[in-house]
Amino acid sequence: MAKSIAVAGKGGTGKTTIAALLVSRLCQEGKVPVLVVDADADANLGPLLGVTPKKTLGGLRETALKEVKNLPAGMTKANYFELGFHEIIEELNGFDLLTMGRGEGPGCYCYLNSLIRKFIDDLSPSYKWVVMDNEAGLEHISRRTSGDIDALLVVVTENPLSLQSAISIGDILSDLGSRIQKKYIVTNMIKNNNRREEITRRLSRLQMEYLADIPFDPQLDDYIFRGDSLISLRDSPAADAVAQILKTIGG
Ligand SMILES: Nc1ncnc2c1ncn2[C@@H]1O[C@H](COP(=O)(O)OP(=O)(O)O)[C@@H](O)[C@H]1O
Ligand SMILES: [Mg+2]
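Summary of the structure given here. (Residues numbered from 1 in each chain as written. Chains lettered and ligands numbered in written order. Predicted model: local features only at pLDDT ≥ 70, side-chain atom pairs only at ≥ 80, totals over all residues.)

## Here we look at the site of ligand 1
1) Next: In the region of ligand 1, 18 residues are neighbours, and G14, K15, T16, T17 and I224 sit closest.
2) Next: Sorting the residues of the shell around ligand 1 by element identifies helix 1 (15–28) and helix 9 (218–226) as the ones contributing at least two each. (Near = placed C-beta within 6 Å. Helix = DSSP H or I, 4+ residues; strand = E, 2+ residues; numbered from the N terminus.)

Quick look at the structure:
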């Protein structure tokens, strides 16, 4: 079974960057294939890995609503979605990318959500790792459209609002029961060393282990500014910290 890591936290804390660094490192270490799930409506993860996603689950949902009433004879709704899901997955060198895209409009999507979850659960065994980038609200995790998770990294920065988000995430998670094996706090881009301790103290009531500190990395910042794929990033302190994270959770 694939090992799965999900990244969560307030917008701007570096979730997508960290998810991309995780994928990059796994590819560099040959721990492939990796299933990359971009579960943030903004869909920024593909571009950091050098891919512009063509199709999204949100798009499939929209067309499905129109077409599902006129399916060809012999095709069930489930067959239709299964085909659609396979078309959304982009196969790249070392990893496949599944982009969730925009969230749901009005209406009940329970049936589709359960299909999505089953699809991801069925897919997972063909991969060594699953890496998932989330939006702050954890929509896909709380709607159970994401499959089970071995390690959740909750990213915080010096922005006090990011600590508030971590606390809200803690609350959402405690309602979800045991679908997430391990929950961790990761600090990112901390400029003032004294604050690291203060941050972990403020978050100590959450049942999350403090896993790692990822430094602000000017080279990484340049890569992202230029639009270069993080797959080729090497000799970077932030990438090294992410490698250490994989060592800890990968066993
Ligand atoms: N460790 C880091 N070093 C340098 N820049 C970083 C680092 N982490 C994140 N960034 C930058 O911070 C910004 C926000 O990161 P992003 O991953 O998009 O956050 P999120 O996905 O949580 O909204 C981006 O411009 C990214 O380049
Ligand atoms: Mg993001």
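Following the structure, the description resumes.
## Observations concerning the pairing of strand 6 (residues 149–156)
1) Next: Within strand 6, seven of the eight residues are buried, which leaves it mostly tucked inside the rest of the structure.
2) Next: Bridge count for strand 1 (residues 3–9) against strand 6 is five bridges, and the pairing is parallel. Within strand 6, the position partnered with V7 by the bridge is L153.
3) Next: Both strand 6 and strand 7 (residues 180–188) contribute to a ladder of seven bridges, which runs parallel. Following the sheet pairing, L153 is matched in strand 7 by Y184. (Buried ≥ 20, exposed ≤ 12 C-beta atoms within 10 Å, placed from the backbone. Pairing = 2+ DSSP bridges.)

## A closer look at the sheet that holds strand 7
1) Next: Spatially, the eight strands line up as an open sheet ordered 3-4-2-5-1-6-7-8, and their pairing is mixed. Here the strands that pair on one side only, and so sit at the sheet edges, are strand 3 (90–91) and strand 8 (209–214).
2) Next: Of the strand pairs in this sheet, strand 7 and strand 8 are connected by five bridges, and their pairing is parallel. Note that in strand 8 the partner of Y184 across the bridge is E209.
3) Next: Most of the contacts of helix 7 (residues 160–176) go to strand 6, to which it runs at about 155°, and overall it touches strand 1, strand 6 and strand 7. (Contact = placed C-beta atoms within 7 Å. Axes fitted to C-alpha atoms, helices over the stretch in contact; angles between N-to-C directions.)

Any functional reading would require information beyond the geometric quantities listed.
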